Amino acid sequence: MKVAAVDCGTNSLRLLIAESNRDGGLIDLDRHTEIVRLGQGVDATGEFHPDALKRTFAVTERYAELIKNAGVSTDKVHFVATSASRDAKNRDEFFEGIQSLLGVKPDVISGDTEAHLSFTGALSRVRPEGDPVLVMDIGGGSTEFIIGSSAGVMQSAISLDIGSVRLTERFLKVNPPAQDDLARAAAYVDQMLAGSGVDFTSIGTWIGVAGTATTLAGVYLELEHYDRDRVHGSSIPRHDVGALLRRLSGMTVAEIRAMPSMHPDRADVITGGALVAARVAERLGVPDLIISESDILDGIALALLDR
């Protein structure tokens, strides 16, 4: 049986077409990521920008063709919308556009559901080194922290408004960012982390999923081009996360975009994402940030297969 999972976040629109293997896991048939920046300006205006909707609909139309060509039936397609879609005043326009193109209505999932899918997806292909496990998903509008056991049981989750796009639009408007702006952004992130209720000092395994974490891994590994197989399962020493932030914050967007493994449309917000990761690293005692290419997309696909 084939399924299609679509994850629409603040920054990216991603597709996974998969089928089950003999062990109940996933066999990837097709996987795509496009930066659509759906959350452009939502933090300031409270609604989707017309250009953001246009970009999102254009990519959705291409994904619909891929899903159709793969022979996936409509009842095996799940389009999940997260952070930006919860807040936008004109989200009905977004819903109607997606349904007309894909044949399914976007499912604006709760924070708890998002966390469960992310945790399940992350642990589907990564072996934790100790308990408890912290899965961190730095998105465009928010960052999710999910804590659970290495056996795959989620225990708690929280979503904080410290995403890479949100921080960039609010604090890091000039590049390279001024030190005062970086300090203000760091202070804001620290305040949010301190009030999160997460006991970062107790964490036994730290796993980073999704675009910010995988992009930072590509930079750390100095890849000549982005290589999913090399990124998945790699690790960044905790103290080197801060070094990555210092390196990126001293560069212009053009210089960041020129990095061989950098997605060109992520270059202007990766510093904001690195700042979140660096502030989390300061609170942890684990040696490494483990990178997983398996995330909420895999969780969505596995849930479809379990239906």
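Residues numbered from 1 in each chain as written. Predicted model: local features only at pLDDT ≥ 70, side-chain atom pairs only at ≥ 80, totals over all residues. Heavy atoms only, no water.

### Section: a negative patch on the surface
Selection criterion: Each patch is built from residues lacking any salt bridge and having more than 30% relative accessible area; the joining distance is 9 Å for like charges and 5 Å for nonpolar side chains (Val, Leu, Ile, Met, Phe, Trp, Tyr). For the area figures, the Shrake-Rupley method with a 1.4 Å probe applies, and any residue is considered shielded solely by the protein chains shown. A side-chain nitrogen of Lys or Arg and a carboxyl oxygen of Asp or Glu constitute a salt bridge if their distance falls within 4 Å. None of His or the chain ends enter the tally, which takes Lys and Arg as positive and Asp and Glu as negative. In plain terms, the charge of a residue is placed at NZ if it is Lys, CZ if Arg, CG if Asp and CD if Glu. In this text, helices come from DSSP runs of H or I with a minimum length of four residues, and strands from runs of E with a minimum of two, each type numbered from the N-terminal end. The buried label applies to any residue whose accessible area, calculated with a 1.4 Å probe on protein chains only, is under 20% of its type's maximum; exposed applies above 50%, and partly exposed to all values in between.
There is a patch of like negative charges on the surface, built from Glu 47, Asp 92, Glu 93 and Glu 96. Structurally, the position occupied by Glu 96 is in helix α4 (residues 91-102). Relative accessible area serves as the criterion here: at 56%, Glu 96 is assigned to the exposed category.

### Points about the side chain of Ser 294
Stated formally: Whenever a nitrogen or oxygen atom comes within 3.5 Å of another N or O atom, the pair is scored as a polar contact, on the condition that within protein one atom can donate a hydrogen and the other can accept it, and that pairs from neighbouring residues in sequence are kept only if both atoms are in side chains. Here, residues are in contact when the closest pair of their heavy atoms is within 4.5 Å.
The residue Ser 294 is located in the loop between β11 (288-292) and α13 (296-306) in this model. The exposure class of Ser 294 is buried, given its relative accessible area of 1%. At a separation of 3.4 Å, a polar atom in the side chain of Ser 294 contacts the side chain of Arg 125. Those residues in contact with Ser 294 that sit more than four places away from it in its chain are Gly 121, Ala 122, Ser 124, Arg 125, Val 209 and His 232.

### So, the nonpolar core
As a reminder of what qualifies: Throughout this description, the term nonpolar core refers to a set of buried Ala, Val, Leu, Ile, Met, Phe, Trp, Tyr and Cys residues connected via side-chain atoms within 4.5 Å.
Counting residues in each nonpolar core, the largest one holds 49 residues, and the members touching the most others are Phe 145, Trp 206 and Val 280. Secondary structure elements with two or more residues in this core: β6 (133-138), β7 (143-148), α7 (179-194), α8 (210-220), α10 (238-249), α11 (253-257), α12 (270-281) and β11. No other element matches α12, which puts 8 residues into this core. If we skip the residues at most four places from it in the chain, Trp 206 touches Leu 134, Met 136, Arg 238, Val 241, Ala 277, Val 280, Ala 281, Leu 284, Val 286, Asp 288, Leu 289 and Ile 290. With 26 residues, the next largest nonpolar core counts Leu 53, Phe 57, Ala 64 and Leu 102 among its residues.

### Considering the sheet that holds strand β8 (residues 154-160)
Selection rule: The rule for pairing is simple: two strands pair if DSSP sees at least two bridges between them. Axis definition: a line fitted to C-alpha atoms, over the contacting stretch in the case of helices. Angles run 0 to 180 degrees between N-to-C directions.
Strands sit in the order β8-β7-β6-β9-β11-β10 across an open sheet of 6 strands; the sheet is mixed. On the outer flanks of this sheet lie β8 and β10 (235-237), each paired with one strand and no other. The mean angle between the axes of side-by-side strands here comes to 20 degrees, regardless of whether they run parallel or antiparallel. Relative to strand β9 (residues 205-209), β6 runs parallel, the two being bridged by 5 bridges. Residue pairing for β9: Val 135 is matched across the bridge by Ile 207. Along the sheet face, α12 touches β6, β7 and β9 and points at about 160 degrees away from the line of β6.

### Thoughts on the sheet that holds strand β1 (residues 2-8)
Strand order across the open sheet formed by 5 strands is β3-β2-β1-β4-β5, with mixed pairing between neighbours. Strands with a single pairing partner mark the edges of an open sheet, and in this sheet they are β3 (26-35) and β5 (107-108). By the bridge criterion, 2 bridges tie strand β4 (residues 77-81) to β5 in an arrangement that is parallel. What sits directly across from Ala 81, in β5, is Val 108. Strands in contact with α4 are β1, β4 and β5; relative to β4, the strand with the most contacts, it is inclined by about 160 degrees.

### Looking at unusual backbone geometry
If a residue is not glycine, its phi is most likely negative; likewise, a peptide bond is most likely trans. Residue Asp 131 is joined to Pro 132 through a cis peptide bond whose omega torsion reads -10 degrees. Summarising the element assignment, Pro 132 is placed in the loop between α5 (111-123) and β6. Residue Pro 176 follows Asn 175 across a cis peptide bond; omega there is -5 degrees. With respect to the helices and strands, Pro 176 occurs in the loop between α6 (164-170) and α7. Of note in the backbone geometry, Arg 37 takes a positive phi value of approximately 50 degrees without being a glycine. Since its relative accessible area comes to 15%, Arg 37 is described here as buried. Non-glycine residue Glu 222 carries a positive phi angle of around 55 degrees.

### Describing the packing of helix α2 (residues 50-69) against α4
Put simply, the rule reads: Here the word oblique covers every angle except those under 35 degrees (roughly parallel), over 145 (roughly antiparallel) and from 65 to 115 (roughly perpendicular). Each crossing gets its handedness from the near helix: less than a right angle anticlockwise from the far helix is left-handed, clockwise is right-handed. Only Asp, Glu, Lys and Arg are considered charged, only Ala, Val, Leu, Ile, Met, Phe, Trp, Tyr, Cys and Pro nonpolar, and every remaining residue, Gly among them, polar.
It is at 9 Å that the axes of α2 and α4 come closest, and there the two elements cross at 25 degrees. In terms of orientation, α2 lies roughly parallel with respect to α4. The crossing of α2 and α4 is right-handed. Across from Leu 53, Thr 56, Phe 57, Thr 60, Glu 61, Ala 64 and Ile 67 in α2, the residues of α4 making contact are Glu 93, Phe 94, Gly 97, Ile 98, Leu 101 and Leu 102. Classifying every residue of the contact of α2 with α4 by side-chain character gives 8 nonpolar, 3 polar and 2 charged.

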